[in-house]
Amino acid sequence: MHYTYKRNELKNARAKFDDLVKECRPLRDGCLDEGISIHLLPPAPEKVSDDTTFRLAILGATYAGTPGSPPNANALEFVRTHSSSTDPRQNQNVLLVVIPSAAGLIQAEQEIASWMAWGAIKNSNTFKELQQEQKDTVKRRERESQKEALTFVKNSFELVIYVDNAGNAQQKKFTMGNEALFPTLARDKDLRIFREKINPEALLPGGPFSKWPPSDPCIKVADLYGAFGRYPDMPKLVNRQVVINTIDEAVRRGLLGLRYQPPGGGEDWFWHCPIE
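Residues numbered from 1 in each chain as written. Predicted model: local features only at pLDDT ≥ 70, side-chain atom pairs only at ≥ 80, totals over all residues. Heavy atoms only, no water.

Caption draft 1: Region of interest: the sheet that holds strand E1 (residues 37–40). Strand order across the open sheet formed by five strands is E1-E2-E5-E6-E7, with mixed pairing between neighbours. Two strands close off the open sheet at either side, each with one partner strand: E1 and strand E7 (169–173). Looking at each pair of strands side by side, their axes are set apart by 20° on average, direction ignored. When strand E6 (residues 157–163) meets E7, the two strands line up antiparallel, connected through five bridges. Counted as the bridge partner of tyrosine 162 is glutamine 170 from E7. Contacts from helix H3 (residues 73–80) reach strand E5 (95–100), E6 and E7 within the one sheet, and its direction differs from that of E5 by about 165°. (Pairing = 2+ DSSP bridges. Helix = DSSP H or I, 4+ residues; strand = E, 2+ residues; numbered from the N terminus. Axes fitted to C-alpha atoms, helices over the stretch in contact; angles between N-to-C directions. Contact = heavy atoms within 4.5 Å.)

Caption draft 2: Representation of the environment of aspartate 233 within the structure. Residue placement: aspartate 233 occurs in the loop between helix H8 (221–230) and strand E9 (236–237). Distance from aspartate 233 to alanine 166, taken between C-alpha atoms, is 6.3 Å for residues 67 residues apart in sequence. If sequence neighbours within four positions are ignored, aspartate 233 has contacts with Asn165, Arg192 and Lys211. At a separation of 2.9 Å, a polar atom in the side chain of aspartate 233 contacts the side chain of lysine 211. (Polar contact = N/O pair within 3.5 Å; in protein donor to acceptor, adjacent residues only side chain to side chain.)

Caption draft 3: The packing of aromatic side chains, seen in detail. Summed over the entire model, instances satisfying the criterion amount to five aromatic pairs. On the numbers, 5.6 Å between centres and 85° between planes, the contact of tyrosine 63 with phenylalanine 78 is edge-to-face. Residue tyrosine 63 is located in the loop between strand E2 (55–58) and H3, and its partner phenylalanine 78 is located in helix H3; the two are separated by 15 residues in the primary sequence. Each member of the pair, tyrosine 63 as well as phenylalanine 78, is classed as buried. Pairwise contacts between aromatic rings join Phe194, Phe209 and Phe228 into one cluster. (Phe/Tyr/Trp six-rings, centres within 6.5 Å; stacked < 30°, edge-to-face > 60°. Buried < 20%, exposed > 50% of the residue type's maximum accessible area, 1.4 Å probe, protein only.)

Here you go:
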């Protein structure tokens, strides 16, 4: 009986996939603690803001891709564009787009259909004629199959689209396993996700993370931080507090002097001291 119901529900399983994505906690666990802005099933690139915040966009069934192939063209638009093709995204380096694989999606659909089939049985006239023990079995299998469906939905997300250090769009396969999505991505060296402390010298002229204007002895703090989003050769900085802490250390050590200009006029300088 379940097989017949499952076969009928397969045609509805893909439409249910995105609903289960919203219920799949491993896709978003840990993002809030890291200060990451997560976009779950955004309908268009313009719904993903273009600023220096590290962002994770999780796309649904219609954006499924194939490992070893070029990125899904529609999914790639989230990385390359903002509101339109004439409005390219300026901060491509701090956006990761995660999509399901086509094979993973098919497997998830099978499990979703199985779960939906148990629900259909429970709501059928046939269910009323079952013995109580059989009814309890149907209800138990519905609960168990929903958990299994959620696991397969999670596991179907195994492709991430990003820009490499040359600015080229890449698609890479990953396996989530028992970890949540972001910790899994953070361990991948090719993605160059940076959460650690930065050595102050790295931001100064000549340093590996330096984007200091060649003819200007000054640079705005916002520009120091913004460089991580605009330039693909920079690591993908998760939290701007890392840069703020680095600047504070540089000022304390006398490597940098920080000028603050209050709205009311004048200026305050900090050097060899904490920033207050």
